[in-house]
Structures are given as C-alpha cells and as structure tokens.
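Residues per chain, in single letters:
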Amino acid sequence: MIGTASRDNQEYLRSLGAAATDYGPGLVERVRALAPDGVDAALAVSGEGALADLITLTGSPDRVVSIGDVTAADHGVVFTTGAEGRAFYSLREAVTLAAAGRLTMPVTRALPLAELGEAHRISETGHVRGKLVVVVD
Ligand SMILES: NC(=O)c1ccc[n+]([C@@H]2O[C@H](COP(=O)([O-])OP(=O)(O)OC[C@H]3O[C@@H](n4cnc5c(N)ncnc54)[C@H](OP(=O)(O)O)[C@@H]3O)[C@@H](O)[C@H]2O)c1
C-alpha cells in the first residue's frame, strides 16, 4: 500500500502501515522506486491531475477508481460516489473492526452547529487530516 500526502502527513501514513510519498509531478518515478514490481490498482481520493500517472502505473484505466477527480470519464476511469451499490454487508465487518480498535475514524476537530461556516472554511483549505464533526445539540 502506497499513499500520497504532503511532507507533514507522510509519517502519519507510515503509522497506518503504508509507504508514503509526495503527490504532484514525478509521481510515476517515485511510486516505481517504492514498488519496482508494479502497482495493482489505484484509488484517487483527492485533487485533479493524477489520473494519467495512475493509469501509467497500473497499466489500465480500469484499474483506477476516482472519488475526487471529475475529469475521470475523459480518461476512461470510473468516478464513483458509492451510490451504485452501497456495501451494507460490510457494515458488520466495519463494526467488528471498530470494536477491536482496528478501524478508527480520526477527528480533526468538533465544532458546534453555530460554527458551521468555520467548519467549511477549514474544509476548504484542502488539507484536513481526518473528519470535521459538526455537533448538533
Ligand atoms: N465521490 C464522492 O462521493 C465524494 C464524496 C466526498 C468527497 N469527495 C471528494 O473527495 C475528495 C477528498 O475530500 P476530503 O473531504 O477528504 O477533503 P480534501 O480536503 O479535498 O482532501 C484532503 C486530503 O487530500 C490531500 N491532498 C490535497 N491535495 C492533493 C493532491 N493534489 N493530490 C493528492 N492528495 C491531495 C491532503 O493531504 P495533505 O494535507 O497532506 O496535502 C488532505 O489529506 C474531494 O475532491 C471531494 O470533493 C467525493
């Protein structure tokens, strides 16, 4: 598993068990250095502009899925909102993993509903690690 992040967050990725590298120009070379035998599949969860590199790395558009890059169709890549088929069966597994402490949901910050605007401003920085929680009393 290889994840991309800014330098500040790469140690966090490693703590989750992934190898880590920068996103942006030179991605193909950096990933190949980490995975000389190749990459099976790629999930593009943020930003635009990485899909061509991910197709190069995996060898085919059908090995790439995007949730963040709305130009995916131009590359022959599936863009998903998850609405195509909710994997309800996986909820039981998620609960089991959470109960065992193996699935965690890091919360960056919790804000009251009155500070919803601030929550949006933080989100719009594009560098939130974890979830912003809006608390409704
Ligand atoms: N398809 C759907 O149903 C669906 C649902 C929700 C969200 N989304 C989309 O999913 C994406 C992620 O949403 P999010 O809420 O997690 O917030 P986000 O603020 O867009 O993403 C935050 C993370 O993305 C990383 N990042 C920033 N620029 C990047 C780049 N050029 N390449 C790779 N990573 C980059 C940041 O890492 P660093 O801080 O380390 O830079 C940060 O950890 C957004 O594009 C959002 O629109 C899609």
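Quick notes on the rules
- Residues numbered from 1 in each chain as written.
- Predicted model: local features only at pLDDT ≥ 70, side-chain atom pairs only at ≥ 80, totals over all residues.
- Heavy atoms only, no water.
- Domains from an automatic or database assignment.
- Pairing = 2+ DSSP bridges.
- Helix = DSSP H or I, 4+ residues; strand = E, 2+ residues; numbered from the N terminus.
- Contact = heavy atoms within 4.5 Å.
- Axes fitted to C-alpha atoms, helices over the stretch in contact; angles between N-to-C directions.

Draft legend 1. Representation of the domain arrangement of the protein in the model. By the assigned domains, the protein splits into domain 1 (2–79) and domain 2 (88–135). Computed from C-alpha atoms alone, the centre-to-centre distance between domain 1 and domain 2 is 23 Å.

Draft legend 2. Region of the structure containing the sheet that holds strand S4 (residues 64–66). Here we have 3 strands laid out as an open sheet, ordered S3-S4-S5, and parallel in their pairing. Single-partner strands in this sheet number two, and they are strand S3 (42–44) and strand S5 (78–79). Of the pairings in the sheet, the one linking S3 to S4 comprises 3 bridges and is parallel in character. What sits directly across from alanine 42, in S4, is valine 64. Packed on one face of the sheet, helix H3 (residues 51–58) meets S3 and S4 and runs near 155° to S4.

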